[in-house]
Amino acid sequence: MIRIDAVIRPERVNLVLDAMSEAGCTGFTYSNVSGRGTQEGVEVFTGRGSSTANRVSLPKVLITTVTEKSKQQKVIDSIISSAKTSESGDIGDGKIFISEITEVIRVRTGETGNKAI
Amino acid sequence: MIRIDAVIRPERVNLVLDAMSEAGCTGFTYSNVSGRGTQEGVEVFTGRGSSTANRVSLPKVLITTVTEKSKQQKVIDSIISSAKTSESGDIGDGKIFISEITEVIRVRTGETGNKAI
Amino acid sequence: MIRIDAVIRPERVNLVLDAMSEAGCTGFTYSNVSGRGTQEGVEVFTGRGSSTANRVSLPKVLITTVTEKSKQQKVIDSIISSAKTSESGDIGDGKIFISEITEVIRVRTGETGNKAI
Amino acid sequence: MDSGHTAWMLTASALVFFMTPGLAFFYGGLVRAKSLVNTIMLSFLTIGVVTIVWTLWGYSLAYGNGELIPNFIGDFSLLGLVGINTFASEGEAITPLYDVLFQMMFAIITPALITGAFVERFKFTTYLIFTVIWVTLVYAPVAHWVWGGGWIGADGAGALDFAGGTVIHINAGAAAIAAALLVGKRRNPGLQPNNVPYVLLGASILWFGWFGFNGGSALAADSYAINAMLVTQIAAATAATVWGLVGLCSTGKISGVGVATGAVAGLVAITPAAGAVNALGALAIGFGAGLICYFAVELLHKTKMDDALDVFAVHGVGGLWGCIATGIFAIESIAGVKGLVEGSASQVWIQIYTAGGTLIYSFVVSFIILFVLDKIPGLGLRVSESSENQGLDLAEHGEQATIDDGAN
Amino acid sequence: MDSGHTAWMLTASALVFFMTPGLAFFYGGLVRAKSLVNTIMLSFLTIGVVTIVWTLWGYSLAYGNGELIPNFIGDFSLLGLVGINTFASEGEAITPLYDVLFQMMFAIITPALITGAFVERFKFTTYLIFTVIWVTLVYAPVAHWVWGGGWIGADGAGALDFAGGTVIHINAGAAAIAAALLVGKRRNPGLQPNNVPYVLLGASILWFGWFGFNGGSALAADSYAINAMLVTQIAAATAATVWGLVGLCSTGKISGVGVATGAVAGLVAITPAAGAVNALGALAIGFGAGLICYFAVELLHKTKMDDALDVFAVHGVGGLWGCIATGIFAIESIAGVKGLVEGSASQVWIQIYTAGGTLIYSFVVSFIILFVLDKIPGLGLRVSESSENQGLDLAEHGEQATIDDGAN
Amino acid sequence: MDSGHTAWMLTASALVFFMTPGLAFFYGGLVRAKSLVNTIMLSFLTIGVVTIVWTLWGYSLAYGNGELIPNFIGDFSLLGLVGINTFASEGEAITPLYDVLFQMMFAIITPALITGAFVERFKFTTYLIFTVIWVTLVYAPVAHWVWGGGWIGADGAGALDFAGGTVIHINAGAAAIAAALLVGKRRNPGLQPNNVPYVLLGASILWFGWFGFNGGSALAADSYAINAMLVTQIAAATAATVWGLVGLCSTGKISGVGVATGAVAGLVAITPAAGAVNALGALAIGFGAGLICYFAVELLHKTKMDDALDVFAVHGVGGLWGCIATGIFAIESIAGVKGLVEGSASQVWIQIYTAGGTLIYSFVVSFIILFVLDKIPGLGLRVSESSENQGLDLAEHGEQATIDDGAN
Ligand SMILES: Nc1ncnc2c1ncn2[C@@H]1O[C@H](COP(=O)(O)OP(=O)(O)O)[C@@H](O)[C@H]1O
Ligand SMILES: Nc1ncnc2c1ncn2[C@@H]1O[C@H](COP(=O)(O)OP(=O)(O)O)[C@@H](O)[C@H]1O
Ligand SMILES: Nc1ncnc2c1ncn2[C@@H]1O[C@H](COP(=O)(O)OP(=O)(O)O)[C@@H](O)[C@H]1O
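In this text the structure is predicted, and so the values were computed from the model without any measurement.

Enquirer: What's the story with the relation of the copies chain F and chain D in this structure? I'm lost.
Expert: These two copies of the chain differ by a rotation about an axis and a displacement along the same axis. Rotating chain F by 120° and moving it 0.0 Å along the rotation axis overlays it on chain D with an RMSD of 0.0 Å. Here the symmetry operator amounts to a three-fold rotation axis. When C-alpha positions in chain F are compared against the rotation axis, the closest is assigned to glycine 4 of chain F, at 2.1 Å. An asymmetric contact is evident, with only 13% of the interface residues of chain F recurring at the interface of chain D.

Enquirer: Help me out: how do you make sense of the site of ligand 1 in this one?
Expert: Residues in close proximity to ligand 1 total 21 residues, the closest being Gly37, Thr38 and Gly92 of chain A together with Thr29 and Val66 of chain C. In this structure, ligand 1 is bordered by residues of chains A and C. Contacts to ligand 1 include glycine 92 of chain A, whose backbone N or O atom sits 2.9 Å from an oxygen atom. Between ligand 1 and valine 66 of chain C there is a distance of 2.9 Å, counted from a nitrogen atom to a backbone nitrogen or oxygen. In the complex, 100% of the free accessible area of ligand 1, which totals 560 Å², lies under the protein chains.

Enquirer: Looking at this model, I keep getting lost on the pairing of strand E4 (residues 52-55) of chain A. Mind explaining?
Expert: Within a regular beta strand, the side chains point alternately toward one face of the sheet and then the other, so they alternate between its two faces. Residue and element names in this part refer to chain A. Inspection of the sheet shows strand E3 (residues 42-45) paired to E4 by 4 bridges, in the antiparallel sense. From the neighbouring strand, valine 42 faces E4, where its bridge partner is arginine 55. Here E3 hands over to E4 after 6 residues, with glycine 49 in that stretch at a positive phi of 75°.

Enquirer: Any chance you could explain the site of ligand 2 here in plain terms?
Expert: Surrounding ligand 2, one finds 21 residues, the nearest of these being Thr29 and Val66 of chain A together with Thr38, Gly92 and Lys95 of chain B. Bordering ligand 2 are residues originating from chains A and B. Here an oxygen atom of ligand 2 sits 2.9 Å away from a polar atom, N or O, in the side chain of threonine 29 of chain A. The backbone of valine 66 of chain A places a nitrogen or oxygen atom 2.9 Å from a nitrogen atom of ligand 2. Here ligand 2, which alone exposes 560 Å², has 100% of that area covered by the protein. Broken down by class, the residue content of the shell around ligand 2 amounts to 6 nonpolar, 10 polar and 5 charged.

Enquirer: Looking at this model, I keep getting lost on the interface of chain F and chain B. Mind explaining?
Expert: Interface extent is often summarised as the accessible area lost during association of the parts. Counting residues at the interface gives 4 residues for chain F, matched by 6 residues for chain B. Counting each side, the surface lost to burial between chain F and chain B is near 380 Å², with a carbon and sulfur contribution of 39%. Taken together, the links from chain F to chain B amount to 0 salt bridges. Grouping the constituent residues of the side of chain F that touches chain B by class yields 1 nonpolar, 1 polar and 2 charged.

Enquirer: What's the story with the side chain of serine 43 of chain F in this structure? I'm lost.
Expert: All names here are of chain F. Tracing the chain through its elements places serine 43 in helix H2 (residues 36-63). Its relative accessible area of 0% is what places serine 43 among the buried residues. Every residue in contact with serine 43, bar those within four places of it in the chain, is listed here: Thr20, Leu23, Ala24, Ala112 and Thr115.

Enquirer: So what exactly am I meant to see when it comes to the pattern of salt bridges here?
Expert: Side chains that carry opposite charge are capable of pairing whenever their charged atoms lie near each other. Within this structure, the stated rule accounts for 48 salt bridges over all chains. Of the charged contacts, one joins aspartate 93 of chain A and arginine 9 of chain A as a salt bridge, the two residues approaching to 2.8 Å between their closest N and O atoms. Of the two residues, aspartate 93 of chain A sits in the loop between helix H2 (72-83) and strand E6 (94-100) while arginine 9 of chain A sits in the loop between strand E1 (2-8) and helix H1 (13-22), which places them 84 residues apart along the sequence. Pair check on accessibility: aspartate 93 of chain A and arginine 9 of chain A agree, each one buried. A salt bridge links arginine 382 of chain E to glutamate 388 of chain E; the nearest nitrogen and oxygen atoms lie 2.9 Å apart. Accessibility expressed as a relative area gives 24% for arginine 382 of chain E, which makes it partly exposed. Three or more residues joined by partner-sharing salt bridges are found here, namely Arg3 and Asp5 of chain A, Arg3 and Asp5 of chain B together with Arg3 and Asp5 of chain C.

Enquirer: Please explain the environment of serine 384 of chain F as it appears in this structure.
Expert: Mapping serine 384 of chain F onto the fold places it in the loop between helix H12 (346-375) and helix H13 (385-390). Sequence spacing of serine 384 of chain F and arginine 121 of chain F is 263 residues, and the spatial spacing of their C-alpha atoms is 8.3 Å.

Enquirer: Mind showing me how you'd approach the interface of chain F and chain D here?
Expert: At the interface, 54 residues of chain F touch 60 residues of chain D. Summed over both sides, the interface of chain F with chain D buries roughly 4,500 Å², with 75% coming from carbon and sulfur. Linking chain F with chain D are 0 salt bridges. One can count 11 residue pairs in polar contact (both at pLDDT 80 or more) joining chain F with chain D. Of all the elements in the fold, those that place two or more residues in the side of chain F that touches chain D are helix H1 (3-30), helix H6 (196-216), helix H7 (223-251), helix H8 (256-270), helix H9 (279-301) and helix H11 (332-335) of chain F. For the side of chain F that touches chain D, the element with the highest residue contribution is H7 of chain F, accounting for 14 residues. Along the lines of polarity and charge, the residues of the side of chain F that touches chain D split into 34 nonpolar, 16 polar and 4 charged.

Enquirer: Teacher, can you tell me more about the side chain of threonine 358 of chain D here?
Expert: Mapped onto the elements of the fold, threonine 358 of chain D is located in helix H12 (residues 346-375). Setting aside anything within four residues of it in sequence, one finds threonine 358 of chain D in contact with Val142, Trp145, Ile152, Thr166, Ile170 and Asn171 of chain D.

Enquirer: Quick question: what am I supposed to make of the packing of H8 of chain F against H9 of chain F here?
Expert: Two packed helices can be described by the angle between their axes and the distance between those axes. Residues and elements named next belong to chain F. Remark: H8 packs on H9, axes separated minimally by 8 Å, with the N-to-C direction vectors making an angle of 125°. With respect to each other, H8 and H9 are oriented oblique. As H8 runs across H9, the sense of the crossing is right-handed. Side by side, H8 and H9 meet where Ala265, Gly266, Ala269 and Ile270 of the first sit next to Ala282, Ile285, Ala289 and Cys293 of the second. For the contact of H8 with H9, the class distribution of residues is 7 nonpolar, 1 polar and no charged.

Enquirer: Mind showing me how you'd approach the environment of glutamate 90 of chain F here?
Expert: The residue glutamate 90 of chain F is located in the loop between strand E2 (73-74) and helix H3 (97-114) in this model. The spatial distance from the C-alpha of glutamate 90 of chain F to the C-alpha of glutamine 400 of chain F is 54 Å, given a sequence separation of 310 residues.

Enquirer: Got a minute to help me understand unusual backbone geometry in this structure?
Expert: For residues that are not glycine, phi is negative in most cases, and the peptide bond is trans in most cases. The residue leucine 219 of chain D is not glycine, and still its phi comes out positive at about 60°. Counting through the fold element by element, leucine 219 of chain D comes out in the loop between helix H6 (196-216) and helix H7 (223-251). A positive phi angle is found at asparagine 71 of chain F, which is not glycine, with a value near 65°. Along the chain, the position of asparagine 71 of chain F falls in the loop between strand E1 (67-69) and E2.

Enquirer: Looking at this structure, how should I read the packing of aromatic side chains?
Expert: By convention here, two paired aromatic rings are described through the distance between centres and the angle between planes. Inspection of every chain in the model, using the stated rule, returns 93 aromatic pairs over all chains. The interplanar angle of 85° and the centroid separation of 6.4 Å between the aromatic rings of phenylalanine 18 of chain D and phenylalanine 18 of chain F together place this pair among those described as edge-to-face. Here the residue phenylalanine 18 of chain D occupies a position in helix H1 (residues 3-30), and phenylalanine 18 of chain F occupies one in helix H1, the pair thus bridging two chains. In this structure, phenylalanine 18 of chain D and phenylalanine 18 of chain F share a single accessibility class: buried. Aromatic side chains tryptophan 54 of chain F and tyrosine 63 of chain F sit 6.4 Å apart centroid to centroid with 75° between the ring planes, which places their arrangement in the edge-to-face category. Of the two residues, tryptophan 54 of chain F and tyrosine 63 of chain F, neither departs from the other in class, the shared state being buried. By the ring-pair criterion, three or more aromatic residues cluster together here, those being Phe18 and Phe208 of chain D, Phe18 and Phe208 of chain E together with Phe18 and Phe208 of chain F. Across from the ring centre of phenylalanine 371 of chain E, 4.9 Å away, lies the NZ or CZ of lysine 375 of chain E, which sits over that ring.

What counts and how
Residues numbered from 1 in each chain as written. Chains lettered and ligands numbered in written order. Predicted model: local features only at pLDDT ≥ 70, side-chain atom pairs only at ≥ 80, totals over all residues. Heavy atoms only, no water. Least-squares fit on C-alpha atoms with pLDDT ≥ 70 in both. Contact = heavy atoms within 4.5 Å. Near = heavy atom within 4 Å. Polar contact = N/O pair within 3.5 Å; in protein donor to acceptor, adjacent residues only side chain to side chain. Areas by Shrake-Rupley, 256 points an atom, 1.4 Å probe, with all protein chains shown as cover. Pairing = 2+ DSSP bridges. Helix = DSSP H or I, 4+ residues; strand = E, 2+ residues; numbered from the N terminus. Nonpolar A, V, L, I, M, F, W, Y, C, P; charged D, E, K, R; others polar. Buried area = accessible area lost by both parts, 1.4 Å probe. Salt bridge = Lys/Arg side-chain N within 4 Å of Asp/Glu carboxyl O. Buried < 20%, exposed > 50% of the residue type's maximum accessible area, 1.4 Å probe, protein only. Axes fitted to C-alpha atoms, helices over the stretch in contact; angles between N-to-C directions. Parallel < 35°, antiparallel > 145°, perpendicular 65-115°, else oblique. Left-handed = near helix turned anticlockwise from the far one by under 90°. Phe/Tyr/Trp six-rings, centres within 6.5 Å; stacked < 30°, edge-to-face > 60°. Lys NZ or Arg CZ within 6 Å of the ring centre and 35° of its normal.

Here it is in structure tokens:
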């Protein structure tokens, strides 16, 4: 089993979750995070509306899903196509990290492995 | 060393943390997340209290602990027994993911490995 | 590629992020978490300002970065030196977890591996 | 000079002032978190801009000594408020400046009400310009029609509008549709309000301030003021309860946002009637407001128009119901004229056509203003897609509503 | 008609209205985040329901022209407020409707106070029914006892209760214990208040509104009103400071929630005394309130009862202290009767037995009402275990207090 | 006794009270989330402490019957408010206690204003002691100078200070620099305000309450009060708008915090002038306040001093501008004396040297008080490094502003 962590733009979450579902993911966990990548950050006011500074971290959403290895490519493709804001992609569209999971357990039934996903 | 990620119901956090402590975990990190699994979601009002929609994601808590491999089964058992809301378990009780950790370092002392957990 | 998860004191985030950048990290994702370790917790009022209890979990920040294996030691050193609050370190200064990442993908371009970091 | 009347008008003006921040939080709680500051600012800076317009020429156009167009609009005789006595003359209960002040607060909240229609996607600078023009071309004339000697009020058709059902609510509701149509739908309207406590805080402040709005419209601390406050309380409470219970019946739950909206609908509906009905009339008006506006919201959600915070369903429809209900439940001993319940249908008819006239005028002129602003290069009504995605707080204000970030 | 008195009673009514939303936030900040909307709504919809009850029959039962049971309760002579003059008659300083309005606001906040006892686990619909019955069977009679010509007030035992120490606070405190006992303990009471700024905002609004509560109870803009406001400020400030300092001594820290609670305790205690004491008396009453209520909270936490937000310790105990202290610190030149400090013990005794009578009556009747509601199929006092776990916001209202969710 | 004047002074006192909680949220929103409760508490407990000081000896020192030092400070004749009549005597419009009450609210907000300079790092208990001393040694004398018969006011130099430009704002601003210098810079000032809605809520409550502040300073419900409220509204609105537009021009965005700050700057500047200028004068004063304070903030950020929430730039500089502008725009028909616009320069000079005198006195004495407190073992101005890192909410109050934690 593998774990897919995708850091994406907040406004894309619903689209990405739907695309992932269609690609065969049955469960997700996500939360708000701050992220810093090659994206530039945003100009924010620091105090009384007179001086600004660059906030390098931007609001992002981290979606985590654990799935069978066989579905890996399909899920990744679904994320890429739904998270990209334009044909050519824009800086800040996000990043995907894949890692191995040794075991999954469903609390309710105690089932393990692919059955528990 | 292994890493255990448990996604559980928010109201169970204290019980689960206590059970995990007893099972030998010495540290945890947790945060609020939103989750979507086979659980159904909840009916919420979308605007002025006249129409409702289904919110598929529910508030969950993700607990992460890194521990020695030898404690794995004990910890998992402690999570399952404390996170389950009824004898037979209810949908939404949660899920546990296990993965490998290659190294742990304690910032304070620079200790590594099992000593640092 | 490896993934470095560092749980640190909130007030150190900027210092740590800067140190990590200098050590060669190009991206990070971080969020507020609650943590419990050997640190003692803090006395909080439970109700009307007359009785207190110990809150065992403290606010922490979890920083995650994925980087090339070759940079591992440099990044860890940068975290340790910037997250430590005193020469000898204080309880609660944080912990670092290292794990393996099998793949990284940049959503924008579809690039993978070290190029995508 | 009557110190009691003065004391009350001072208080009432402060209370009406407080309504606009209340509205800011009411609206702010309903949008998504990433446009919360923007939504509050739409109301908050309206206070700034309209106060200046009102001082320089707005009051004069609404209540000037003469009329540029008879029955339609005032003149420029009181530009900059020069020529209005600072001190009460013999026989005057209050110095004339109290009217400038009290009416100013009404002029402020009306454009702020409109903003609910286009939150989360409207260009902030364009809105500021819109407000200046709208207060001049729409608000000031309509205020003149009803209270400044124009064709609707006591010197004209004799419509009953105690505290501004037409001037404020129908007016804002009509402009809201024009704005919603021209700015278009939100790309992603989200699922739930971001902050229900803010909605309830805002509604509470609105309700509190409305005592100044309706009670102060007696323009004196007298029996009319007390009756106005009492019927205001009854109508708001009834509409809030009705909304909650209708929701309970149809969805099984009582929504906090719904109850707050019901309260506002009740407050809107009683506004024109507060000087015309008694407690039982207020119960009926509140009951009607809760029911009618509830279903108006449901109905309008089925259209393609995205009046985001239901300004028309609550203020437009609620205002229309209130104007007509004033004709129905008016009691001669209070209103001076008989309503339908006392057997006279004529007042109902007056109420209907004056309300309709306001609705049409406001819609048409608001539409034209916005249409023109949309075409002007460098202005335009709508922010860019990326701004809308990022949220208007960062895009338009360089701010985030809340930050609790270790890195901060 | 006196416009100054009218102006003040209009203002005071609006201020007392604002207290209930203030209470909503005060209580809302103290619970856990997942029941924040529910806690606010318990207070907010009380405004809706009680206004209707008060208009239809509540006022009549408390202040009707006759008495159904002599010295005990009014009659049905003023149902629907029909038969009350809208306009002041000759010689009347204010139209009688002002009393309906002002007293209505008191009737609203009293049941809202009770809700603090059973937050995070009470069925919302049952609460609405409870409120209707409680205002009818408990609030209206007790108000009649004190201010409507019943056995406690000026026409009866001659107890001093300027602004409602018995009618509002002891009454609500007693009902709170009944409710806490019957609904049972929270399954998981949590560790800390979810929102300390809301607690402080709510306390600030309560304090602000209390000037209308106590100052308005002079029923005129006169020297009594000014003295009432001054002593209110002094008692609240003193109790807040004392609470903070006692906390500092015993825990090493000054709790914001504690200081806010101390302020409320001081406001409660000065309520009956605001027309009877001077500045130094207010200092003493505030000092006592801070100290006594602090330890009452500590003590009651040791019992098995889960009066979640310490309604009895603050309003019950604070109200009792206030009633007795009124007998102690009353100054003849203000109160018209001598207190203990001027050498007369008799007033203290009157204060004690009338407060005790109210406490017992309220506890017993509230207990019976709740006991019966608990047994009625389909009602019941307590939500299901899963609703309690999920939080009452989602379970009872289909809402979440705040959402800042990318997916929203 | 005039019931109308009394009604207004009761209301105005309540409104001024409400400003301090408003300030608490205004300041609270500007700091980082981990010191939000502390920042609110600095203002909130000031209410507690100053009320006690004012009752016991503060009022007497400011407005006592005699003078300990002629033209400089009152005496101990009114300790504990004993000896002040509770009831109005023949011919008095209001009972003298109204003055105690109204002035008390001014004494409360002034030290609360100072706290903005040293948030996020000041020891809470030291602050409480500082407040007691500061009100005694700085506030009471300066109030005496201006309104108690001292060297600045009508009986002295004849400076115009209607509602406290010198007494409150210049005074607080000067003390703020002293405090900022002595406590030192924040270790890590963070990037952005933690809660922009709180800033706007606080500013709204401040604005609302300021109507009582300026309007109430007429000490009667008369034409002066109405003019004061109108010019207050105009100046605040203009300064808010100007601040927003200047920010727009120089940064491309309109900051919500900026607009709120502009409003406060306008309110500060109009404070001394509210009894001296007309609507157009208010426009000019507001315009100047927005512009001058905007650049004052920018300039002071370039110094090494960490006046965290720009108390000096807004209240000090805004107060100075207001005092001078009062001399410029005073209209004889309102102020009783001619301003520069009517051709007389002498008033400007009086305004300048009295403002300067206050500034110097307040700075020097505040500096000495703080310097001494810093040296006293067990006190000291600054919290430990670890407390500052942890945030003052947990460190000083054992509380966290918000908790939404599954584990709670
Ligand atoms: N090496 C990394 N480790 C952890 N998170 C990363 C890394 N690189 C990027 N991210 C996350 O992904 C988000 C998007 O990155 P961004 O720089 O916008 O991508 P791109 O380089 O494709 O434009 C960042 O905000 C950050 O949260
Ligand atoms: N495959 C998955 N990947 C990531 N998170 C998951 C996955 N499956 C479930 N979860 C998390 O676990 C939570 C509980 O899942 P749920 O569907 O309620 O479990 P069950 O299927 O045992 O009833 C979900 O809300 C989600 O946050
Ligand atoms: N075994 C662990 N698993 C997960 N998180 C941990 C673990 N140990 C520590 N942490 C996280 O690291 C933080 C710092 O731990 P702490 O006990 O303060 O470290 P130390 O033992 O070095 O003093 C904790 O608050 C917790 O969030």
